[in-house]
Amino acid sequence: MSDDSTTRGVLRPRGAHPGVGAIELFFDLVYVFAIIQLSHFLLEELTWEQALRTGVLFAAVWWGWNYTAWAMNWLDPEHVVVRCLLAVLMLAALVMAVAIPEAFTEHAGLFVGAYLFLQLVRSLFMVYAFRRDPVMRRNYTQLLAWSVIAGAVWVLGAVLPDDVRLIVWLVAVLIDYAAPRLGFWLPGVGASDMSTWPLAEGHLAERNRLVFIIALGESILILGTTLGGLDWTPAVTAATVVGFSTILLLWWLYFSYRLGNAEHEEAPTVEATRQARGAYAYAHALMVGGAIVVAVGIELVLAHPGDRAGWATAAVILGGPAIYLIGNIIFNMSRYGRTARSRMVALAALAVLLPIAPRLPALVVGILVLAVLAVLGAATGELRSHDDEVGIGDTAR
């Protein structure tokens, strides 16, 4: 009989705690650049169409990262073949990031080619890795089939004229994101039962914490680089304090013990994989995306603190925290089965500000957003330390 190391091959040893490997941290480096590219892409043109384009590109960038994070829940990060795989996938992600500024024009084929290479090569490798596990091999074969279907639509969008590309790529995104929700259902085969996906939730939680920190890092980079080219006027100084405080509060709320993605001791359940799908694949897409929009909002406030915000700037400044809060609501519903009512109240407050924000100076809008986040954290006790929160009841507020 072959030993466990032989039968497992590139997979993690059975029973091993799936810690985050050094190669996974290295892989994330390319997403620092990707997030910078996305924020600058949005800044180029503050229109609804540009926002939609940015959302489509972010959806592809996120899905490439998300599927890789899930794959590494089972792959051994110390195995040389796995390390080589991630290095190749990292290169593909880098090409995607490079193509972002012209993804809807002359670099459409480059963006799609890199994205499909990332998705298909990883899924093919996982089918091979699970060759001795018929259940997981079947699951990843179905995932691969859905990636091929979505890939055909991505390619179609790349070869069609520029004016219809956005619509076609929106369909491709919907196919990609619907696949897990439908259990990768295929005619004649059926759906994949999520309970058959053995999952160590702690690994995914940690991976998502790290990528959220990367997204916040873009805000710090924008704050620092923009500030470096400005005079330290009272308005710029105030905008700097507001921007940094907003980043700090977003970090604090994200790592809240009660309603954030802090470390918890959770008992495993048969629904763990389904819960993780909603909490990490979908909810974190919104939370990370919201953090990127917050970075753009900070740059707009810092560059023009005394100017009237206007509709576009106001939508960005208010929209970043709103997108994050929607993601956090989905996270808590998926992971803990509870409704974060405090987040809904904060969303309502931001909605109330929307009609008046365009007539206010950008700095004032930033201050109002900061106040909403601060009141949210203070009212729910989330600005306390985790040690203080452990003894508080678990009812969502």
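This text follows the structure it describes.
Since the model is a prediction, treat every value here as computed from it, not as a measurement. (Residues numbered from 1 in each chain as written. Predicted model: local features only at pLDDT ≥ 70, side-chain atom pairs only at ≥ 80, totals over all residues. Heavy atoms only, no water.)

**Side note on the packing of aromatic side chains**
As enumerated under the stated definition, the model contains 26 aromatic pairs in all. Ring centres of Phe130 and Tyr140 lie 6.1 Å apart, and the angle between their planes is 20°; on these two criteria the pair is classed as stacked. Of the two residues, Phe130 is situated in the loop between helix H5 (108-129) and helix H6 (134-159) and Tyr140 in helix H6; the sequence distance between them amounts to 10 residues. Summarising the burial analysis for this pair, Phe130 and Tyr140 share the class buried. Aromatic pair Tyr140 and Trp197: ring centres 5.4 Å apart, planes at 50°, arrangement tilted. Taken together, the positions of Tyr140 in helix H6 and Trp197 in the loop between helix H7 (162-181) and helix H8 (201-228) put the pair 57 residues apart, joining distant regions of the chain. A single burial state applies to Tyr140 and to Trp197, both of which are buried. Taken together, the ring pairs connect Phe212, Trp251, Trp252, Tyr254, Phe255 and Tyr324 into an aromatic cluster. Lying over the aromatic face of Trp169, Arg165 brings its terminal NZ or CZ to 5.9 Å of the ring centre. Across from the ring centre of Tyr336, 4.6 Å away, lies the NZ or CZ of Arg338, which sits over that ring. (Phe/Tyr/Trp six-rings, centres within 6.5 Å; stacked < 30°, edge-to-face > 60°. Helix = DSSP H or I, 4+ residues; strand = E, 2+ residues; numbered from the N terminus. Buried < 20%, exposed > 50% of the residue type's maximum accessible area, 1.4 Å probe, protein only. Lys NZ or Arg CZ within 6 Å of the ring centre and 35° of its normal.)

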